[in-house]
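Summary of structural features
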Amino acid sequence: MAIIKWDPLGNISTLQDRINKLFDDSFPCQTDGDGETSQCAWTPGVDIFETDQGVIIAVDLPGVNKKDVVVEVRDEVMTISGVRCADPDFQATNYYRRERTCGNFHRTFTLHAMVSPEEIKAKFKNGVLVVEIPKPEEDRPRQISVDIE
C-alpha cells in the first residue's frame, strides 16, 4: 500500500469548477463577441461533425417554431438565433417545478474563409435545425500553354 501525502488545498480547484458549473446551470446566459453579457435565457445544444460533403451543425431547438429561427452569415461568422416562447396552454402560476427555459437564444460559429454563404443550406425538422456547410472547392491547378520561341 502506497502512502499518499495529504494536500489540504488539492481539491480547491475542483470545488471552484463545481461552483462555477452550478452558477452556469442556474443562471444561463451567453456572452457575445465583445465579452458583454447578452440577455439569452438559454443555450441550445449543438453537435458539429464533418462528412465527405462538408460540415454539419445540428442544433436542438425543441418547442421552437421555424419562423422564430434566424440563420445569418456575416464576415465569415454564422449566427443562429431565435426565441422559444412559453406554451400558452400551460400558463399556470403555481408550478411545482419549471425546468423548460423560454426566451431568446443565439449561438455563433466561425466559418472557413473559403465558404460561400450562398451554398449553405438549412433544414428544420422535428425540433432539430440542421445546417449544411459545404467544403470549399480546392484550388485546382490550371494548365497554361507556353509558346517556345
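A few points on the structure. Computed from a predicted model, the values in this text were never measured in an experiment.

Bringing the sheet that holds strand 6 (residues 121-125) into the picture now. With antiparallel pairing, 4 strands are arranged side by side in an open sheet as 1-2-7-6. Only two strands of the sheet have a single neighbouring strand rather than two, namely strand 1 (46-50) and strand 6. With direction set aside, neighbouring strand axes in the sheet form an average angle of 15°. Sheet analysis places strand 1 next to strand 2 (residues 54-60), joined by 5 bridges and oriented antiparallel. Looking at strand 2, one finds that Phe-49 is bridged to Ile-56.

The subject of this paragraph is the pairing of strand 4 (residues 77-84). Side chains Met-78, Ile-80, Gly-82 and Arg-84 project from strand 4 onto a buried face, and the interleaved Val-77, Thr-79, Ser-81 and Val-83 project onto a face without burial. The pairing of strand 3 (residues 69-74) with strand 4 spans 6 bridges and is antiparallel. Bridging across to strand 4, Val-70 finds its partner in Ser-81. Sheet topology note: the strand 4/strand 5 (residues 103-110) ladder contains 8 bridges and is antiparallel. Directly across from Gly-82, in strand 5, lies its bridge partner Phe-105.

Under the counting rule described, the total for this entry stands at 5 salt bridges. Note that Asp-68 and Lys-67 form a salt bridge whose closest N and O atoms lie 3.4 Å from each other. Residue Arg-74 is joined to Glu-72 by a salt bridge in which the shortest nitrogen-to-oxygen separation is 3.5 Å. Taking the relative accessible area as the measure of exposure, Arg-74 reaches 54% and is therefore exposed.

So, on to the layout of surface pockets. Of the pockets and cavities examined, the largest pocket occupies roughly 250 Å³. The wall of the largest pocket is formed by 14 residues, among which Ala-86, Asp-87, Arg-98, Arg-100 and Cys-102 lie closest to the centre. In this structure, the second largest pocket encloses a volume near 170 Å³. Every residue lining the second largest pocket is counted, 14 residues in all, and those nearest its centre are Val-55, Leu-111, His-112, Val-115 and Ile-133.

Let us now look at unusual backbone geometry. The backbone phi angle of Asp-75 is positive, close to 50°, even though this residue is not glycine. Take Asp-75: it is sitting in the loop between strand 3 and strand 4. Its relative accessible area of 69% is what places Asp-75 among the exposed residues. Unlike most non-glycine residues, Asn-126 shows phi in positive territory, near 55°. Residue position: Asn-126 is located in the loop between strand 6 and strand 7 (128-134). On the accessibility criterion, Asn-126 (73% relative accessible area) is exposed.

Sheet strands line up and pair through hydrogen bonds in the backbone, either parallel or antiparallel. If you walk across this open sheet you meet the 3 strands as 3-4-5, and the pairing is antiparallel. With one partner strand each, in any of the chains shown, strand 3 and strand 5 form the two edges of the open sheet. Neighbouring strand axes in the sheet, compared pairwise and without regard to direction, differ in orientation by 15° on average.

Counting buried positions along strand 1 gives 0 out of 5 residues, so the element sits mostly on the surface. The turn joining strand 1 and strand 2, which pair antiparallel and follow one another in sequence, is formed by 3 residues.

Rules used in this analysis
Residues numbered from 1 in each chain as written. Predicted model: local features only at pLDDT ≥ 70, side-chain atom pairs only at ≥ 80, totals over all residues. Heavy atoms only, no water. Pairing = 2+ DSSP bridges. Helix = DSSP H or I, 4+ residues; strand = E, 2+ residues; numbered from the N terminus. Axes fitted to C-alpha atoms, helices over the stretch in contact; angles between N-to-C directions. Buried < 20%, exposed > 50% of the residue type's maximum accessible area, 1.4 Å probe, protein only. Salt bridge = Lys/Arg side-chain N within 4 Å of Asp/Glu carboxyl O. 1 Å grid on protein atoms, 1.4 Å probe; cavity = no way out; pocket = protein on both sides within 12 Å on 5 of 7 lines; lining within 4 Å. Points joined across faces, edges and corners; volume = space filled by probe spheres on them.

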